[in-house]
Amino acid sequence: MDNIETKEFRRELIRTDIIPRKLNDVSKKYRELFLKDLESGKIKTEIVTKCQCGSSDLEQLTKIDRFGLPFGSLICKDCGLVITSPRIVEESLPYYYDTYYHPLNYGKEHLENQSVLYEDGQGTKIFNILKKFLPKQDELNVLEIGAGTGNVLDEFKQEAKKYNVHVNELGTEYSNDCIRICEEKGVKTIYGNIKTIAEMEKKFDVIILSHVFEHFIDLQTEIVNLKKIMHKDSLLYIEVPGILESHKKEYYDFSFLGYLIHAHMYNFTKDTLVNILQKNGFKNIYMNEKVESIFKLDSMVETIEKYNSYDLIIDYLEKFYEAYDFLKYAILKKLEKQNIRIQTRDEDIQNLKDTIEKQNIRIQTRDEEIESLKDKIQKQAIRIETRDKEIESLKHRNKEQEKKIVVVKKFLGLSFTEKLKNYKKLKGVFL
């Protein structure tokens, strides 16, 4: 690639005149409030000068994040770790997460309007990835750092039940709203972080960091605290949004700038993640291209040559912005999704038509039933009217009969001479 193409590629990456992600009204509102807190110093930031690998050879990659906020990124030339700089300082993070993270990132004013923070099935997926590595026991102590609204732990528990495994779960969160929602779901969650759990001096069989590890500032300190709550057979599940998958995600608008967010202090490839964990006495026992991984403590882990992802990432980003295949991929993916939506909508319309047609048949049938019922009612009314006339006629006959009985009774009470006198009169009553 010549210098002109490289300069164009670099110019595209360091643009500051755009907001890479389309924001709704809620996200726009919280973006402005967040900027005011940055300007006032209520939320403090710091410049990063050193990578977690120890190198100071950092190169500017970008100057803004997906919200167009002034949080750039650096790439370490010695290992390829991508670092957010400037970044929010540790002491400002609890306020930031409780106030800004969810409404800004998810565009929802209240968490009640958002059932989950991860797509359905995240907890189920994590259990099934861990399943073959889990110890053979019927009870597990499971910790999730950054439990969100509790759906991961809840799904994990439900999936474990299928294998007759009882889960004693615990989650941590900085968001009080999230903690409240977790409690409503029956997922035990406390306010705090790994250090909070370490102070409890409790160890866990499984520790889940699902889209959380990238939010840590001081990875070394967090890893030290993680070790305090692990025993020799504990499994550490770490899932992060891998850089090299960003072009496949519509959520990022198939854009690297759309992938970056100020809350992610680091952005990993699978190699840069392994570098950090391996350096701190962890052995990687599972890893896939999506950077869904499992680690175990291993004091005997050998020091191996550090992987350097710098060239891989730069080459990837150059292709991202200049290669026709990447543009075509994004367009085709969007068209494919649009076609699926259109097809789904057509199916919905056809289903609606079928429902309406069936409803019309039911209405027609009901109308016929109503007409038939009307005929029955009319016939019944005629029968009732005829019966009423018969009853009236019968009543009249009864009265006449009663009169005759009265005459007979009187006749029977007469003397023989009087009976002879009144015989003709009596005969006239009955004839």
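Residues numbered from 1 in each chain as written. Predicted model: local features only at pLDDT ≥ 70, side-chain atom pairs only at ≥ 80, totals over all residues. Heavy atoms only, no water.

**Brief notes about the overall build of the chain**
Step number 1: A count of helical and extended segments in the chain gives 13 helices and 13 strands.
Step number 2: Relative to the globule expectation of 22 Å for 431 residues, the C-alpha radius of gyration of the chain, 41 Å, shows a markedly less compact shape.
Step number 3: Its C-alpha atoms give the chain principal-axis dimensions of about 150 × 55 × 45 Å.
Step number 4: Expressed as a percentage of its 431 residues, the buried residues of the chain come to 42%.
Step number 5: In the chain, the proportion of contacts linking residues at least 24 apart, taken out of those at least 6 apart, comes to 72%.
Step number 6: Working note: accessible area of the chain is about 24800 Å², and carbon and sulfur atoms make up 51% of it.
Step number 7: For the chain, the centre of its 71 positive side-chain charges and the centre of its 72 negative side-chain charges are spaced 13 Å apart. (Helix = DSSP H or I, 4+ residues; strand = E, 2+ residues; numbered from the N terminus. Rg over C-alpha atoms; globule rule 2.2 N^0.38 Å. Buried < 20%, exposed > 50% of the residue type's maximum accessible area, 1.4 Å probe, protein only. Contact = heavy atoms within 4.5 Å. Areas by Shrake-Rupley, 256 points an atom, 1.4 Å probe, with all protein chains shown as cover. Lys, Arg positive; Asp, Glu negative; His and termini not counted. Charge placed at Lys NZ, Arg CZ, Asp CG, Glu CD.)

**Quick notes on the confidence of the model for the chain**
Step number 1: With 90% of its residues at a pLDDT of at least 70, the chain reaches an overall mean of 87.
Step number 2: Here residues 1–5 scores under 50 on pLDDT; set against residues more than four positions off or in separate chains, the count is four contacts. (pLDDT = per-residue confidence, 0-100.)

**Some thoughts on helix α3 (residues 93–106)**
Step number 1: When the local axis directions of α3 are compared, the greatest deviation, roughly 50°, occurs at Tyr-100, which is followed within four positions by the proline Pro-103.
Step number 2: Looking at the buried residues of α3, the elements they touch are α2 (25–40), β5 (87–88) and α6 (176–185).
Step number 3: Gly-107 lies just past α3 and shows a positive phi near 70°. (Bend = angle between axes of the 7 residues up to and from the residue.)

**Notes on the sheet that holds strand β9 (residues 204–210)**
Step number 1: Here seven strands make up an open sheet; going across it, the order is β8-β7-β6-β9-β10-β13-β12 and the pairing mixed. One side of each edge strand has no neighbouring strand; the edge strands of this open sheet are β8 (189–191) and β12 (282–287). On average, each strand axis in the sheet is tilted by 20° relative to the strand beside it, whichever way the strands run. (Pairing = 2+ DSSP bridges. Axes fitted to C-alpha atoms, helices over the stretch in contact; angles between N-to-C directions.)

**Quick look at the nonpolar core**
Step number 1: Ranked by internal contacts, the top residues of the largest apolar core, which has 59 residues, are Phe-34, Tyr-96, Phe-213 and Leu-236.
Step number 2: Here this core takes six residues from α3, the largest share from any one element.
Step number 3: Listed in part, the 21 residues of the second largest apolar core include Leu-134, Val-152, Val-165 and Cys-182. (Core = buried A, V, L, I, M, F, W, Y, C linked by side-chain atoms within 4.5 Å.)

**Concerning the environment of Val-142**
Step number 1: Relative to the helices and strands, Val-142 resides in strand β6 (residues 139–145).
Step number 2: The spacing of Val-142 and Lys-77 is 65 residues in sequence and 37 Å in space, taken between C-alpha atoms.

**A look at the side chain of Arg-31**
Step number 1: In this fold, Arg-31 is placed in helix α2.
Step number 2: Beyond its immediate stretch of four places on either side in the chain, Arg-31 contacts Ile-19, Leu-23, Phe-67, Gly-68, Leu-69 and Leu-104.

**Concerning the pattern of salt bridges**
Step number 1: The final tally for this structure, using the stated rule, is 19 salt bridges.
Step number 2: Taking the shortest distance from any N to any O, the salt bridge between Arg-31 and Glu-32 comes out at 3.2 Å.
Step number 3: The partner of Arg-180 in a salt bridge is Asp-177, and the shortest N-O contact between them spans 3.6 Å. With Arg-180 and Asp-177 both in helix α6 and three residues apart, this pair spans about one turn of that helix.
Step number 4: Residue class for Arg-180 comes out partly exposed when judged on its relative accessible area of 28%.
Step number 5: Sharing partners across several salt bridges, the network here consists of Glu-12, Arg-15 and Asp-17. (Salt bridge = Lys/Arg side-chain N within 4 Å of Asp/Glu carboxyl O.)

**A look at unusual backbone geometry**
Step number 1: For the peptide bond that leads from Ser-85 to Pro-86, omega is 0°, which places it in the cis range.
Step number 2: Relative to the assigned elements, Pro-86 resides in the loop between β4 (82–85) and β5.
Step number 3: Residues other than glycine seldom take positive phi values, yet Glu-201 does so here, at roughly 55°.
Step number 4: Structurally, the position occupied by Glu-201 is in the loop between α7 (194–198) and β9.
Step number 5: For His-211, which is not glycine, the phi dihedral falls at a positive 55°.

**Some remarks on the sheet that holds strand β3 (residues 72–76)**
Step number 1: In spatial order, the strands read β2-β3-β4-β11; together these four strands make up an open sheet with antiparallel pairing. Of all strands in the sheet, those bounded by a partner on one side alone are β2 (58–62) and β11 (266–267).
Step number 2: Across four bridges, the pairing between β2 and β3 is antiparallel. Within β3, the residue paired with Thr-62 across the bridge is Ser-73.

**Focus on the side chain of Glu-214**
Step number 1: Inspection of the secondary structure assignment puts Glu-214 in the loop between β9 and α8 (219–228).
Step number 2: Nearest to the buried, unbridged Glu-214 among oppositely charged side chains is Arg-66, at 8.5 Å.
Step number 3: Setting aside chain neighbours within four positions, we find Glu-214 in contact with Glu-239, Val-240, Pro-241, Ala-263, His-264, Met-265, Tyr-266 and Phe-268.

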